[in-house]
Amino acid sequence: MAMASQSLFMLAVGFCLCYAANAYDGSVYESYASIECKAYPEVALYNGGILRDHARNIQLARGRDSGDTYGPGFLLHDLFRGFYTFSTWIMITDADPSLIRASLTVEGTTYDCIGTVVARQGCWSFLKGGFVLESPSNLSLIYFQNGDARDLQISLASPSLQGFTQEQWRLNQHYHINRERKRVVTIHTSDLNGERLQGAVLSIQQMSREFPFGSAIASTIIDNQPYQDWFRERFNAAVFENELKWYATEPEQGNVSYRVANQMLEFVRANQIVARGHNIFWEDPKYTPSWVLNLTSTELQDAVASRIQSLMSRYRGEFVHWDVSNEMLHSDFYEQRLGSSATLSLFEAAHDADPLATLFLNEFNVVETCADPDSTVDSYISRLLELKQGGISMDGIGLEGHFSVPNPPLMRAILDKLGTLGLPIWLTEVDISNQLDNQAQAVYLEEVLREGFSHPAVKGIMLWSAFHPQPRGCYQMCLTNDDFQNLPAGDVVDRLLLEWQTGTLQGVSDELGLFAFSGFLGEYRIMVRYGNRSAEATLSLSQGEETKHFNIQL
């Protein structure tokens, strides 16, 4: 966040149309997104929302500031405190695609990015983003710019701005949680002759959760009973923080050891915890073994093949996921050294070594912000599609989630856009910057977790909070102190885990022998008593739109 240019703001005031904030007559969030460049723009979301009365009469404000070229803008009056989702279709005149960024100025302060899209000539691309206002605004400006200093014309169509109160935003989250993470169950009780039993007493207990929610673990968990107890009481998924990375397993060429990883895996197996494999290759040379950097191309190819064979043959079937290429939008060590098809070869070899594992790309600053030009949502989608078209088995989208101050409407918009690919999305390394105090970390962590858990495309969440005692401490965010007493972020995790489970229910069957409930997906134990008779059964509740019917006879 930086102070806005006074000249830019005055230029926009002079040439932009002005809109007043009119309340939308509904509170349902529209999750539509598109990754296609279309011949014609589609209709505006929310019928334009705050902008609907003037969406057809957009005027342009053009100027230069710090090498950026500015285009259209909207001057907004009297916005309330709350969450705002913004979208528009964009087309440019230049022959080459251009990254267009939407920014927001509020009372003289600029939010550098509230949404981006790669726009093209001759077709319309969909930008979707948003922002949060912590206090009401008398005067705000949304404007668009391309950052490569080309003088091009930016055209907009079907713009939309819709505001939500905090209560409305939370209600939309609850709606999707009830729809995606829960299911209605009807239990039918009867005797052995099929006669319905009215008044049967039922006790229903959720034994495990289907949704994977976990954290990174480190070697500090080995032989550490308090840490192991704290972890297993909460999480059903784990990822090794550093212990599977190439620099950890083969610090010197030929000196391969999996001793530490094997000990950590023993804990995972003993507690039936789902484990992600992180990572096979890291594209950043800083995190590549130093001996690898000086290999010839032929030697590097041999080393890469050996790494895949050694790692994945040893752990075949142990890890449900593998992050094959880590942070490849920011670095491309292997393609630089082995050619443009290197990433395809890495995925092919990994798939051959462990065909049952889901293979992921894993990247930062995709969902955390849109201000990083290397990892915009369109950049990630373009790379994903390129690899899929190359024929590789790449079936998962990893979003690291190293947040400072999160922007929930932007996060949701990016998830909407990535969700159009139909691939499972995991938040793989969620934490909040340690530049914030413990209380602020907890507040922002809750925002991120609620946004992730409520989004239909998100299939798992991992925290990047492996325990390390002081003075080293955790990477950015600890959940406990050194005595495994919760810090504020740990309290948030416990509270949400309690909120997102069914717990134990007690009830009595009605005159039709039925008892119905809505439960979070997972495994259940059901006990029924009727007079001196009793029965016990297990129920596996998986996702489905229809009511799940379950019969128990006594």
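You'll find the structure just up there.
These numbers were taken from a predicted model, which means no experiment stands behind them.

Rules and cut-offs
Residues numbered from 1 in each chain as written. Predicted model: local features only at pLDDT ≥ 70, side-chain atom pairs only at ≥ 80, totals over all residues. Heavy atoms only, no water. Helix = DSSP H or I, 4+ residues; strand = E, 2+ residues; numbered from the N terminus. Rg over C-alpha atoms; globule rule 2.2 N^0.38 Å. Buried < 20%, exposed > 50% of the residue type's maximum accessible area, 1.4 Å probe, protein only. Contact = heavy atoms within 4.5 Å. Areas by Shrake-Rupley, 256 points an atom, 1.4 Å probe, with all protein chains shown as cover. Lys, Arg positive; Asp, Glu negative; His and termini not counted. Charge placed at Lys NZ, Arg CZ, Asp CG, Glu CD. Pairing = 2+ DSSP bridges. Axes fitted to C-alpha atoms, helices over the stretch in contact; angles between N-to-C directions. Left-handed = near helix turned anticlockwise from the far one by under 90°. Nonpolar A, V, L, I, M, F, W, Y, C, P; charged D, E, K, R; others polar. Salt bridge = Lys/Arg side-chain N within 4 Å of Asp/Glu carboxyl O. Phe/Tyr/Trp six-rings, centres within 6.5 Å; stacked < 30°, edge-to-face > 60°. Disulfide = S-S within 2.5 Å. Core = buried A, V, L, I, M, F, W, Y, C linked by side-chain atoms within 4.5 Å.

## Notes on the overall build of the protein
Within the protein, the secondary structure is distributed over 13 helices and 27 strands. Scaling as 2.2 N^0.38, a compact globule of 554 residues should have a C-alpha radius of gyration of about 24 Å, and the protein matches this with 26 Å. Counting across all 554 residues of the protein, residues that qualify as buried make up 54%. For the protein, long-range pairs separated by at least 24 residues make up 78% of all intrachain contacts whose partners lie at least 6 apart in sequence. A total accessible area of about 23600 Å² is found for the protein, and carbon and sulfur atoms account for 47% of it. If you average the places of the 40 positive and of the 66 negative side-chain charges in the protein, the two averages end up 4 Å apart.

## Examining the sheet that holds strand E5 (residues 82–92)
Spatially, E8-E5-E10 is the arrangement adopted by the 3 strands of the open sheet, whose pairing is antiparallel. Only two strands of the sheet have a single partner each, and these edge strands are strand E8 (125–133) and strand E10 (154–164). Adjacent strand axes in the sheet meet at a mean angle of 20° when their direction is disregarded. By the bridge criterion, 9 bridges tie E5 to E10 in an arrangement that is antiparallel. Residue Thr85 lies in a different strand from E10, and its bridge partner there is Gln162. Set on the sheet, helix H2 (residues 166–180) makes contact with E5 and E10; between it and E10 the angle comes to about 95°. Contacting E5 and E8, helix H11 (residues 408–419) runs over the sheet at an angle of about 155° to E8.

## A few points about the pairing of strand E13 (residues 213–217)
The two faces of a sheet get side chains in turn, since along a regular strand they alternate between them. With 5 of its 5 residues buried, E13 lies for the most part within the structure. Bridge analysis of E13 against strand E14 (residues 237–240) gives 4 bridges, and the strand direction is parallel. Across the sheet, the residue bridging to Ala216 is Val239, located in E14.

## Some points on the packing of H2 against H11
Packed helix pairs are characterised by how far apart their axes lie and by the angle those axes make with each other. Viewed as axis vectors pointing N to C, H2 and H11 meet at an angle of 30°, and their least axial separation amounts to 13 Å. Every pair of crossing elements has a handedness; the one defined by H2 and H11 is left-handed. In this structure, H2 uses Trp169, Asn172 and Gln173 to contact H11, whose residues at the interface are Pro408, Pro409 and Arg412. Here the contact of H2 with H11 is built from residues that sort into 3 nonpolar, 2 polar and 1 charged.

## Regarding the pattern of salt bridges
Taken as a whole, this structure holds 20 salt bridges when the rule is applied. A salt bridge links Arg179 to Glu180; the nearest nitrogen and oxygen atoms lie 3.9 Å apart. Given a relative accessible area of 46%, Arg179 falls into the partly exposed group. Here Arg234 ties to Glu233 by a salt bridge, and the two come within 3.5 Å at their closest N and O atoms. Ionic contacts of the salt-bridge type, sharing partners, join the residues Glu446, Arg450, Arg495 and Glu499 into one network.

## Comments concerning the sheet that holds strand E11 (residues 182–190)
Here we have 3 strands laid out as an open sheet, ordered E24-E11-E27, and mixed in their pairing. Both edges of this open sheet fall to strand E24 (514–520) and strand E27 (548–553), since each of them pairs with a single strand only. Going across the sheet, the axis of each strand differs from the next one's by a mean of 25°, ignoring polarity. Two strands pair when backbone bridges link them, and E11 and E24 are joined in this way by 7 bridges, in the antiparallel orientation. Paired with Val184 across the two strands is Ser518, which belongs to E24.

## Concerning the packing of aromatic side chains
Scanning all chains against the criterion turns up 31 aromatic pairs. Both rings, one in Tyr315 and one in Phe319, keep their centres 5.5 Å apart while their planes meet at 85°; by these two values the pair is edge-to-face. The exposure class of Tyr315 is buried, given its relative accessible area of 2%. Note on Phe453 and Trp500: the rings are 4.0 Å apart at their centroids and 15° apart in plane angle, and the pair reads as stacked. With Phe453 in helix H12 (residues 438–454) and Trp500 in the loop between helix H13 (488–499) and strand E23 (504–508), this residue pair connects regions lying 47 residues apart in the sequence.

## Regarding the state of the cysteines
In the structure shown here, the tally under the stated rule is 3 disulfides. Two residues, Cys37 and Cys123, share a disulfide whose sulfurs are 1.9 Å apart. Across the S-S bond linking Cys37 and Cys123, the dihedral sits near 95°, which makes this disulfide right-handed. With a gap of 86 residues between them, Cys37 in the loop between strand E2 (17–20) and strand E3 (60–65) and Cys123 in the loop between strand E7 (109–119) and E8 connect regions that are remote in the sequence. Given a relative accessible area of 30%, Cys37 falls into the partly exposed group. With a relative accessible area of 13%, Cys123 lands in the buried category. Cys474 shares a disulfide with Cys478; S-S distance 2.0 Å.

## Focus on the nonpolar core
By size, the foremost hydrophobic cluster in this structure holds 121 residues, and its most contacted members are Ile217, Trp322, Leu399, Leu418 and Leu445. Tallying contributions element by element places H12 first for this core, with 7 residues. When sequence neighbours within four positions are dropped, the list of residues in contact with Leu399 reads Asn362, Glu363, Val366, Val367, Tyr380, Leu415, Leu418, Ile425, Trp426, Leu427, Thr428 and Glu429. Formed by 25 residues, the second largest nonpolar core is a distinct cluster that contains Ile100, Ala102, Leu127 and Ile154.

## Observations regarding the pairing of strand E22 (residues 458–463)
Within E22, 5 of the 6 residues are buried, which leaves the element mostly enclosed by the surrounding structure. The pairing of E13 with E22 spans 3 bridges and is classified as parallel. Within E22, the position partnered with Phe213 by the bridge is Ile461.

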